[in-house]
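The primary structure of each chain is shown beneath.
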Amino acid sequence: MKGLYIHIPFCVKKCEYCDFVSFSGMEREHDGYIDALISEMSEYRGAAIDTIFIGGGTPSVLAPYRISRLCAAVAANFKIADGCEWTMEANPGTLTREKLKAMLNGGINRLSIGVQSFNDTELRAAGRIHDAKTAYDTVLLAAGCGFNNISIDLMASLPYQTDDSFRTSLNRAVSLPIKHISVYSLIVEDGTPIKEKYDRGIYNAPDEDNDRRLYHYTAAFLKECGLLRYEISNYAIPGCESRHNMKYWDCDEYIGVGIAAASYIDGARYSNTDSFSQYMSGNYRSGEREILTEDDKTGEFMMLGLRKTAGVSEAEFKRRFGCDISDKYGGLLGKFIGLGVMEYDGGFYRLTERGLDVANSVMCEFV
Ligand code: SF4
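Residues numbered from 1 in each chain as written. Predicted model: local features only at pLDDT ≥ 70, side-chain atom pairs only at ≥ 80, totals over all residues. Heavy atoms only, no water.

A short note on the overall build of the chain
At step 1: Looking only at helices and strands, one finds 15 helices and 17 strands in the chain.
At step 2: Taken over C-alpha atoms, the radius of gyration comes to 21 Å for the chain, in line with the 21 Å a tight globule of 367 residues would show.
At step 3: In terms of principal-axis extent, the alpha carbons of the chain reach across some 55 × 50 × 40 Å.
At step 4: Counting only residues that meet the buried cut, the chain has 52% of its 367 residues in that class.
At step 5: Of the contacts made within the chain by residues no fewer than 6 positions apart, 69% connect residues no fewer than 24 positions apart.
At step 6: Approximately 16000 Å² of the chain is accessible, and the part contributed by carbon and sulfur atoms is 49%. (Helix = DSSP H or I, 4+ residues; strand = E, 2+ residues; numbered from the N terminus. Rg over C-alpha atoms; globule rule 2.2 N^0.38 Å. Buried < 20%, exposed > 50% of the residue type's maximum accessible area, 1.4 Å probe, protein only. Contact = heavy atoms within 4.5 Å. Areas by Shrake-Rupley, 256 points an atom, 1.4 Å probe, with all protein chains shown as cover.)

Concerning the nonpolar core
At step 1: Of all hydrophobic cores here, the largest spans 93 residues; its most connected members are Ile 6, Leu 111, Phe 118, Ile 152, Ile 181 and Phe 366.
At step 2: Formed jointly, this core draws a minimum of three residues from each of two domains, domain 1 (2–248) and domain 2 (293–367).
At step 3: Excluding residues that lie within four positions of it along the chain, Ile 181 makes contacts with Ser 151, Ile 152, Leu 154, Leu 170, Ala 173, Leu 222, Leu 227, Ser 233, Asn 234 and Tyr 235.
At step 4: Cys 15, Tyr 17, Met 155 and Ile 194 belong to the second largest nonpolar core, which has 11 residues in total. (Core = buried A, V, L, I, M, F, W, Y, C linked by side-chain atoms within 4.5 Å. Domains from an automatic or database assignment.)

Looking at the pairing of strand E17 (residues 348–351)
Where a strand is regular, its side chains alternate between the two sheet faces.
At step 1: Direction of pairing for strand E15 (residues 312–313) relative to E17: antiparallel, over a ladder of two bridges. Counterpart to Ser 313 in the pairing with E17 is Phe 348.
At step 2: Bridge analysis of strand E16 (residues 342–345) against E17 gives four bridges, and the strand direction is antiparallel. Opposite Asp 345, over in E17, you have Phe 348 as the bridge partner.
At step 3: Here E16 folds back onto E17 in antiparallel fashion, the turn holding two residues, of which Gly 346 has a positive phi close to 60°. (Pairing = 2+ DSSP bridges.)

What to know about the packing of aromatic side chains
Each aromatic ring pair is summarised here by two numbers: the centre-to-centre distance and the angle between the ring planes.
At step 1: The tally for this structure, following the rule as stated, stands at 21 aromatic pairs.
At step 2: Here Tyr 230 and Trp 249 contribute two aromatic rings whose centre-to-centre distance is 6.1 Å and whose plane-to-plane angle is 65°, an arrangement assigned as edge-to-face. Within this pair, whereas Tyr 230 is found in strand E9 (residues 228–231), its partner Trp 249 is found in helix H9 (residues 243–249), the two being separated by 19 residues in sequence.
At step 3: Of the residues examined, Tyr 230 reaches a relative accessible area of 8% and is grouped as buried.
At step 4: Consider the rings of Tyr 279 and Tyr 284, whose centres lie 5.0 Å apart with planes at 50°: the pair is tilted. Tyr 284 carries the same exposure label as Tyr 279, and that label is buried.
At step 5: The residue whose ring lies beneath Arg 167 is Tyr 217, and the NZ or CZ to ring-centre distance is 4.2 Å.
At step 6: We note Arg 172 situated over the ring of Tyr 136; from NZ or CZ to the ring centre the distance is 4.0 Å. (Phe/Tyr/Trp six-rings, centres within 6.5 Å; stacked < 30°, edge-to-face > 60°. Lys NZ or Arg CZ within 6 Å of the ring centre and 35° of its normal.)

Quick word on the side chain of Ser 233
At step 1: Relative to the elements of secondary structure, Ser 233 occurs in the loop between E9 and strand E10 (234–236).
At step 2: Accessibility expressed as a relative area gives 10% for Ser 233, which makes it buried.
At step 3: Not counting the four nearest positions on each side in its chain, Ser 233 is found in contact with Ile 181, Ser 182, Val 183 and Tyr 184.

Some thoughts on the domain arrangement of the chain
At step 1: Here the chain is partitioned into domain 1 (2–248) and domain 2 (293–367).
At step 2: If you average the C-alpha positions of domain 1 and of domain 2, the two centres end up 29 Å apart.
At step 3: Across the boundary between the two partners, domain 1 contributes nine residues, which contact nine residues of domain 2.
At step 4: Taking both sides of the interface into account, the surface hidden between domain 1 and domain 2 amounts to around 860 Å²; carbon and sulfur atoms contribute 47%.
At step 5: For the domain 1 face of the interface with domain 2, the top three residues by lost area are Arg 229, Glu 231 and Ile 232, together amounting to 51%.
At step 6: Counting across the domain 1 and domain 2 interface gives three salt bridges.
At step 7: The salt bridge involving Asp 357 is made with Arg 212; its shortest N-O contact spans 2.8 Å.
At step 8: Our count for the domain 1 to domain 2 interface comes out at seven residue pairs in polar contact (both at pLDDT 80 or more).
At step 9: Every element with two or more residues in the side of domain 1 that touches domain 2 is listed here: helix H8 (208–224), E9 and H9.
At step 10: When its residues are assigned to classes, the side of domain 1 that touches domain 2 shows five nonpolar, one polar and three charged. (Buried area = accessible area lost by both parts, 1.4 Å probe. Salt bridge = Lys/Arg side-chain N within 4 Å of Asp/Glu carboxyl O. Polar contact = N/O pair within 3.5 Å; in protein donor to acceptor, adjacent residues only side chain to side chain. Nonpolar A, V, L, I, M, F, W, Y, C, P; charged D, E, K, R; others polar.)

Given below as structure tokens:
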């Protein structure tokens, strides 16, 4: 079965580091945008799905009745499998009891809350709309309303962050009723306000060695707390891994609806337009579909599969592509095993601890 991704491109205010397709101050467009989403969803009517992820942007900016309308439209257009994992992203500054009830009533059973830090100085520098207490209280509110599958996001290498403040954020996180945590390092993207501040010397340049140290600390600390790393930046209580995101790393099929959403169906990739006006006019796609060659498919299977700590299954490779992984990539695999950045064990090729530190350069060689 496929996954379904729905993009909600609205935020209360742009964060300093954000280069996602999201817009602030467009509440008057919310109803029209949901109309457009419903219209695009109807093109997939009857498709069977077993994971849904409503991301953004900030989906939780939507008013309760709009959340209900969106959920009803998903249920009307798709065959939702029993036990479907249905996630919505939320920003602590935007959640209310009424919205949480609308989500639960609509079928949403997993919440991914963008906390980023439990330090107010760091949150202000990142341009977040909430403070640490609001973030903490929001997770408790969501749990109190009935969400028993909550994930939070934290960021490493934020301006003003110290080892101590990062450790405090991790400690606060694990004191909450969460089952999953994603820890991303700040990426200073061109064109963002934070980039300008780094360029002007207002913040010290991120230190890569320090970032790696925090990464190792995070994995060890969370493991002690029962949250095991299963992907480069993701940790979960066993059994609570994000099934939707696993579809991306497993190269399974997904349908993406909404502005700038991507789909992968029948070996082809489709991208939606990132122009709001084009999307609203019903012209959803940005261009031709990209049909992946066999080399593209095997390369992506390796590149994305190596993100998982379980690694790439030799048997699954053969099942999907009809050839042995060693025939296709024996040279590269041998080289990386020799360098100590990859290992083979129990039918899986995976990155070693050392390999995780240089993951991007290893993965790139497969595509
Ligand atoms: S809430 Fe998320 S999508 Fe919105 S501006 Fe901040 S980082 Fe970007």
